[in-house]
Amino acid sequence: MAVRDILIHPDPRLKTPATPVAEVTDELRALADDMLETMYAAPGIGLAAPQIGVMKRILVMDCVKDEEAPARPMVLINPSVVWSSDEMSIYEEGCLSIPDQYAEVERPSEVEVVWTGLEGEERRERFDGLWATCVQHEIDHLDGKLFIDYLKPLKRQMITRKMVKLKREKARA
């Protein structure tokens, strides 16, 4: 397992839809392990493959916040939302590809997602609360969409300028 570099917005790969995974292989399982290690090291609660420059429809997440509770790492391959509630929730979202920037985003408060598991089996689960927000945020990454795309243009431009400046500073370091 290895911690991978996380792409920082604006990077064109973050706006590019990811390709569906054709089959679950040992290479894909190793990628999932790297993604989980990268997410935990960041630290974050979700990570999509395009965020590490891998243009495949795979995401990882673990929204367990309680230090006493066991971790619940999840790997979702080719996930898709098959149902969403009419009820909406607003969460302050952040993103590992847009460090230290947060904004309130409104999304369905509950979603049902179907995906392929690491053994090639079909999985289905209904998510609510932070889990619902996280899975929708990460699926957006697979579709080339960022949480800032939900914001008003001025706020989005301001965040993008901050990220350009951050990338410049990192390049000089």
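In this report, we go over the structure that sits alongside the text.

Rules used in this analysis
Residues numbered from 1 in each chain as written. Predicted model: local features only at pLDDT ≥ 70, side-chain atom pairs only at ≥ 80, totals over all residues. Heavy atoms only, no water. Helix = DSSP H or I, 4+ residues; strand = E, 2+ residues; numbered from the N terminus. Expected span 1.5 Å × (residues − 1). Buried < 20%, exposed > 50% of the residue type's maximum accessible area, 1.4 Å probe, protein only. Core = buried A, V, L, I, M, F, W, Y, C linked by side-chain atoms within 4.5 Å. Contact = heavy atoms within 4.5 Å. Pairing = 2+ DSSP bridges. Axes fitted to C-alpha atoms, helices over the stretch in contact; angles between N-to-C directions. Phe/Tyr/Trp six-rings, centres within 6.5 Å; stacked < 30°, edge-to-face > 60°. Lys NZ or Arg CZ within 6 Å of the ring centre and 35° of its normal. Salt bridge = Lys/Arg side-chain N within 4 Å of Asp/Glu carboxyl O.

1. Brief notes about helix α2 (residues 129-142)
Next, step 1: With 14 residues, α2 extends 21 Å between its outermost C-alpha atoms, agreeing within 8% with the 20 Å of an ideal straight helix rising 1.5 Å per residue.
Next, step 2: Within α2, 12 of the 14 residues are buried, leaving the element largely enclosed by the surrounding structure.
Next, step 3: Buried within α2 we find Trp131, Ala132, Thr133, Cys134, Val135, Gln136, His137, Glu138, Ile139, Asp140, His141 and Leu142.
Next, step 4: Backbone geometry just downstream of α2 places glycine 144 in the positive-phi region, at approximately 80°.

2. So, the nonpolar core
Next, step 1: Membership of the largest hydrophobic core comes to 17 residues, with the highest contact counts inside it found for Leu59, Met61, Met74, Leu76, Val113, Phe127 and Val135.
Next, step 2: Breaking this core down by element, the ones donating at least two residues are β2 (58-61), β3 (74-84), β6 (110-116) and α2.
Next, step 3: Here this core gets six residues from one element, more than from any other, and that element is α2.
Next, step 4: Beyond its immediate chain neighbours, meaning those up to four positions away, valine 135 contacts Met61, Leu76, Val111, Val113 and Phe127.
Next, step 5: Val24, Leu47, Val60 and Ile77 belong to the second-largest nonpolar core, a separate cluster that totals 16 residues.

3. What to know about the sheet that holds strand β1 (residues 46-48)
Adjacent strands of a sheet form backbone hydrogen bonds with each other and so pair up, either parallel or antiparallel.
Next, step 1: The antiparallel open sheet is built from five strands, whose spatial order is β1-β2-β3-β6-β7. The two strands at the open ends of the sheet, each matched to only one other strand, are β1 and β7 (122-128). Adjacent strand axes in the sheet meet at a mean angle of 40°, parallel and antiparallel pairs treated alike.
Next, step 2: The sheet strands contacting helix α1 (residues 26-41) are β1, β2 and β3, and the helix crosses β2 at an angle near 40°.
Next, step 3: Packing of α2 onto the sheet brings it into contact with β1, β2, β3, β6 and β7, and relative to β2 it is tilted by some 155°.

4. Side note on the packing of aromatic side chains
Next, step 1: Per the stated rule, a full pass over the model turns up two aromatic pairs.
Next, step 2: Where phenylalanine 127 meets tryptophan 131, the ring centres are 6.3 Å apart and the plane angle is 15°; that geometry is what we call stacked.
Next, step 3: The exposure class assigned to phenylalanine 127 is buried, which follows from its relative accessible area of 2%.
Next, step 4: We classify tryptophan 131 as buried; its relative accessible area is 16%.
Next, step 5: Ring-pair connections join several aromatic residues into one group, and the members of that group are Trp115, Phe127 and Trp131.
Next, step 6: Here the guanidinium or amino end of arginine 126 rests over the ring plane of tryptophan 83, the centre of that ring lying 3.9 Å away.
Next, step 7: The lysine or arginine in question, lysine 145, covers the ring of tyrosine 150, its NZ or CZ lying 4.2 Å from the ring centre.

5. Some words on the pattern of salt bridges
Next, step 1: One pass over the structure, following the stated rule, counts 10 salt bridges.
Next, step 2: Aspartate 140 serves as the salt-bridge partner of arginine 107, at 2.9 Å between the closest nitrogen and oxygen. With arginine 107 in strand β5 (residues 98-108) and aspartate 140 in helix α2, this residue pair connects regions lying 33 residues apart in the sequence.
Next, step 3: Residue classification places aspartate 140 among the buried residues on the basis of a relative accessible area of 10%.
Next, step 4: The structure contains a network of salt bridges with shared partners spanning Glu93, Arg107 and Asp140.

That's the geometry; what it means functionally is another story.
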